[in-house]
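Given next are the chains, with one letter for each unit.
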Amino acid sequence: MKFSPREPGHLITASGDGTLSLQDINEGRGKMMTLSKTPDCDHDHHNVCFWYCSVDVSATRQLVVTGDNVGNTVLLGMDGNEIWNLKLHKKKVTHVEFNPRCDWLLATASVDQTVKIWDLRHMKDKRSFLHELPHNKPINSAYFSPSDGARLLTTDQHSELRIYSSADWTKPEHVIAHPHRHFQHLTPIKATWHPRYDLIVVGRYPDTQFPGYTLDELRTIDVLDANCGEIVCQLYDPNAAGIISLSKFNPMGDTLACGMGFNILIWSREEMVAMKQEGLLKEMKEQGIGRNSATRSTPRRSRGTESSNSNQAKYKGIVCNLSPQSTKTKGKENVKTQQQKHKRKEPGE
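Because the structure is a prediction, the values reported are computed rather than measured.

Analysis parameters
- Residues numbered from 1 in each chain as written.
- Predicted model: local features only at pLDDT ≥ 70, side-chain atom pairs only at ≥ 80, totals over all residues.
- Heavy atoms only, no water.
- Pairing = 2+ DSSP bridges.
- Helix = DSSP H or I, 4+ residues; strand = E, 2+ residues; numbered from the N terminus.
- Buried < 20%, exposed > 50% of the residue type's maximum accessible area, 1.4 Å probe, protein only.
- Polar contact = N/O pair within 3.5 Å; in protein donor to acceptor, adjacent residues only side chain to side chain.
- Contact = heavy atoms within 4.5 Å.

(A) Layout of the sheet that holds strand β1 (residues 2-3). Strand order in the open sheet formed by four strands is β1-β2-β3-β4, and the pairing between neighbours is antiparallel. Bordering the open sheet on either side are β1 and β4 (31-37), each of which pairs with just one other strand. Where β1 meets strand β2 (residues 10-14), two bridges bridge the pair, whose relative direction is antiparallel. Counterpart to Lys-2 in the pairing with β2 is Ile-12.

(B) Just unusual backbone geometry, in detail. At Gln-62, a residue that is not glycine, the phi angle is positive and equals roughly 55°. Relative to the helices and strands, Gln-62 is located in the loop between β5 (52-58) and β6 (63-68). Within the chain, Asp-216 stands out as a residue other than glycine whose phi angle is a positive 60°. Position of Asp-216 among the secondary structure elements: in the loop between β18 (199-203) and β19 (221-225).

(C) Seen up close, the side chain of Asn-99. Note on placement: Asn-99 falls in the loop between β9 (93-98) and β10 (105-110). Judged by its relative accessible area of 5%, Asn-99 is buried. A distance of 2.9 Å separates a polar side-chain atom of Asn-99 from the backbone nitrogen of Arg-101. At 3.0 Å, the side chain of Asn-99 and the backbone nitrogen of Cys-102 are in polar contact. Not counting the four nearest positions on each side in its chain, Asn-99 is found in contact with Leu-105, Phe-144 and Gly-149.

Here it is as structure tokens:
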């Protein structure tokens, strides 16, 4: 689902029932308008053979794009007027996205193991792509960098993240090994960008077959440096030890929302600062330390020391001070049952 960039109260959803809808959430229960619907499958006992899997909205062009489970991609106006409907992939289209800086550039990803980049001004058929980026596994997502749109981050369904650059879309700039294998009962794991810095955030699904696996490895939220692929830091809440499938920063980049089954985790830097201050004041009170003795000056580091590893220090300061602010849960009994089911059925566990 996507909020309209020009109308924040308008929510566009691509649904498993085969409908693409626009809902005005400002009007009570919400005024609903159907923009598009997948064709009927003509089966007597059901009508769910076709459904939409992905959606994006272009603010400048006032367009909506969606992909379905059999490889079709549909481009529409905000009024639901269909511009074209083309079969651009052989299988399910898992992700569609307009470039944030170049509104005629479109990326599509599919379980057919390809990501394709298109020029909306010259769409004819499935052969009219600008670039085809083959992968070794099916693809969950392909996100343009929000800061400049000059890079593309892809997540496959096993253990590979790739970063492509507009300087040469034909080959990856970085290939990052990371465990996030696909499992049928889990929402596919997708890596996303930090809105202001060259950082990537992605959930970790420990794999005994993955190189470097350690015993009792935690299901962390990994933050990586997009320029080298190294892990900057890892976030973990012992009270919510499930697998994080989806992670998304707010536009300011100081709050992170993560999806884990029936739970949503909100990580906030402000919350971490408040917790540290509270702990420090409590410790000072217990030790009988007054305000005067607590304000001792500390020696300043030299400018040369501060400049060393500046990017790593900057990134750690941005993200590693996040803490779990709250966990919103739906249906605790359902969560427990679902976790037990995963434990029984999950291969290798």
